[in-house]
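Observations on chain architecture
Listed below, chain by chain, are the residues.
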Amino acid sequence: MSADVTVIEHPLIDALLTQIRSVDTGCHTFRINLHTISRLMAFEITRDLPSREIEITTPLATASGSELVRSVVMIPIMRAGTGMLNGIIDIIPDAKVGHIGMARDEATCLPTTYYCKLPEGINEADVLLIDPMLATGHSAAAAASLVKEHGGRNIRFVCLVACPEGIEHFCGEHPDIPVYTASIDKELDEKSYIIPGLGDAGDRYFDTE
Ligand code: URA
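Residues numbered from 1 in each chain as written. Predicted model: local features only at pLDDT ≥ 70, side-chain atom pairs only at ≥ 80, totals over all residues. Heavy atoms only, no water.

So, helix H2 (residues 27-45)
With 19 residues, H2 ought to run about 27 Å at 1.5 Å a step, and its terminal C-alpha atoms sit 26 Å apart, in line with that. For H2, the complete set of buried residues consists of Cys27, Phe30, Asn33, Leu34, His35, Ile37, Ser38, Met41, Ala42 and Ile45. In this structure, the buried residues of H2 make contact with helix H1 (11-21), helix H3 (81-88), strand S8 (126-130), strand S10 (154-158), strand S12 (179-181) and helix H6 (201-206). (Helix = DSSP H or I, 4+ residues; strand = E, 2+ residues; numbered from the N terminus. Expected span 1.5 Å × (residues − 1). Buried < 20%, exposed > 50% of the residue type's maximum accessible area, 1.4 Å probe, protein only. Contact = heavy atoms within 4.5 Å.)

Next comes the structure, spelled out in structure tokens:
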């Protein structure tokens, strides 16, 4: 299996990610940094979205410019995916947003879907499926299957931190979906947390325990 994984390397992203990995970083900085990293990543991830030339009229003259060929649909996997969404939406303000709620059974570590609301026209859109932590890959793979069942075709998976186990599972189930991450960490622990990782991304973003 050849995994289509891109690690987005940038000194700003690396420095911000290092800060939010630290146990000493509080919720306020965690939120701001997650938003900024997500925005910087999205800038790179969307670089090759197809666009076409259009003519517009300025107050003074006509001019040629461009527009995206397809609409963009962003789908955060709740809860933590909404943190990355909040960073990205600023640079794609026209995007439609769907939500998928996945809960992890703490005993089996397998996902169950508790919510799914996806916008119309997903089959014609460029879809960003978003979840900060690609840990076992089970939630992400199940969410990607749901998106495909609803007609999604041009899907990109966006995470902050991945690990080899998650990449293997996700890319094994969905070899057609490219994965974008800011880091590939070492491994999973026995509770399926990414090591070194950053802990529970949802708890750290929402300041819960
Ligand atoms: N989910 C998280 O929030 N963190 C991990 O390390 C793994 C899954």
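Examining the side chain of Thr82
Relative to the helices and strands, Thr82 resides in helix H3. If sequence neighbours within four positions are ignored, Thr82 has contacts with Pro76, Ile77, His99 and Phe206.

With respect to the pattern of salt bridges
Here the structure, examined in full by the defined rule, presents 10 salt bridges. Notably, a salt bridge pairs Arg21 with Asp185, separated by 2.7 Å at the nearest N-O pair. Remark: Asp185 occurs in the loop between strand S13 (183-184) and strand S14 (187-188) and Arg21 occurs in helix H1; sequence separation between them is 164 residues. Residue class for Arg21 comes out partly exposed when judged on its relative accessible area of 23%. Between Asp203 and Arg79 there is a salt bridge; the shortest N-O distance is 2.8 Å. Of this pair, Asp203 sits in helix H6 while Arg79 sits in the loop between strand S4 (72-78) and H3; the two residues are 124 residues apart in sequence, bridging distant segments of the chain. With relative accessibility at 34%, the residue Arg79 sits in the partly exposed group. (Salt bridge = Lys/Arg side-chain N within 4 Å of Asp/Glu carboxyl O.)

Side note on the site of the ligand
Taken together, the residues surrounding the ligand are Met133, Ala135, Ser192, Tyr193, Ile194, Gly199, Asp200 and Ala201. Within the contact set of the ligand, a nitrogen atom lies 2.8 Å away from a backbone nitrogen or oxygen of Gly199. Protein chains bury 88% of the 240 Å² of accessible surface belonging to the ligand in isolation. Structurally, the ligand is housed in the largest pocket. (Near = heavy atom within 4 Å. Polar contact = N/O pair within 3.5 Å; in protein donor to acceptor, adjacent residues only side chain to side chain. Areas by Shrake-Rupley, 256 points an atom, 1.4 Å probe, with all protein chains shown as cover. 1 Å grid on protein atoms, 1.4 Å probe; cavity = no way out; pocket = protein on both sides within 12 Å on 5 of 7 lines; lining within 4 Å. Sits in = over half its atoms within 2 Å of the grid points.)

Focus on the packing of helix H4 (residues 138-149) against helix H5 (residues 164-173)
Contact geometry of H4 with H5 gives a least axis separation of 8 Å together with a crossing angle of 20°. Comparing the axis directions of H4 and H5 gives the class roughly parallel. Regarding H4 and H5, the two cross each other, and that crossing is right-handed. Residue-level contacts link His138, Ala140, Ala141 and Ala144 of H4 to His169, Phe170 and Glu173 of H5. (Axes fitted to C-alpha atoms, helices over the stretch in contact; angles between N-to-C directions. Parallel < 35°, antiparallel > 145°, perpendicular 65-115°, else oblique. Left-handed = near helix turned anticlockwise from the far one by under 90°.)

What about the nonpolar core?
Grouped burial of nonpolar side chains is what soluble globular proteins tend to show. One finds Leu17, Ile37, Met41, Met74, Leu160 and Leu198 to be the most contacted residues of the largest nonpolar core, which totals 35 residues. Those elements that provide at least two residues to this core are H1, H2, S4, H3, S8 and H6. In terms of residue count, H2 provides more of this core than any other element does, six residues in total. Among residues more than four places away in sequence, those in contact with Met74 are Leu85, Ile88, Ile89, Ile92, Ala95, Lys96, Val97, Gly98, Leu128 and Ile130. Of all hydrophobic cores here, the second largest spans 26 residues; its members include Ile75, Ala144, Leu146 and Cys159. (Core = buried A, V, L, I, M, F, W, Y, C linked by side-chain atoms within 4.5 Å.)

Here we look at the pairing of S10
Extensive coverage of S10 is indicated by the burial of four of its five residues. As judged from the five bridges shared by S8 and S10, these two strands associate in the parallel manner. Across the sheet, Asp126 pairs through a bridge with Asn154, a residue of S10. Here two bridges tie S10 to S12, and the two strands are oriented parallel to one another. In the sheet register, Val158 faces S12, and the bridge partner there is Tyr180. (Pairing = 2+ DSSP bridges.)

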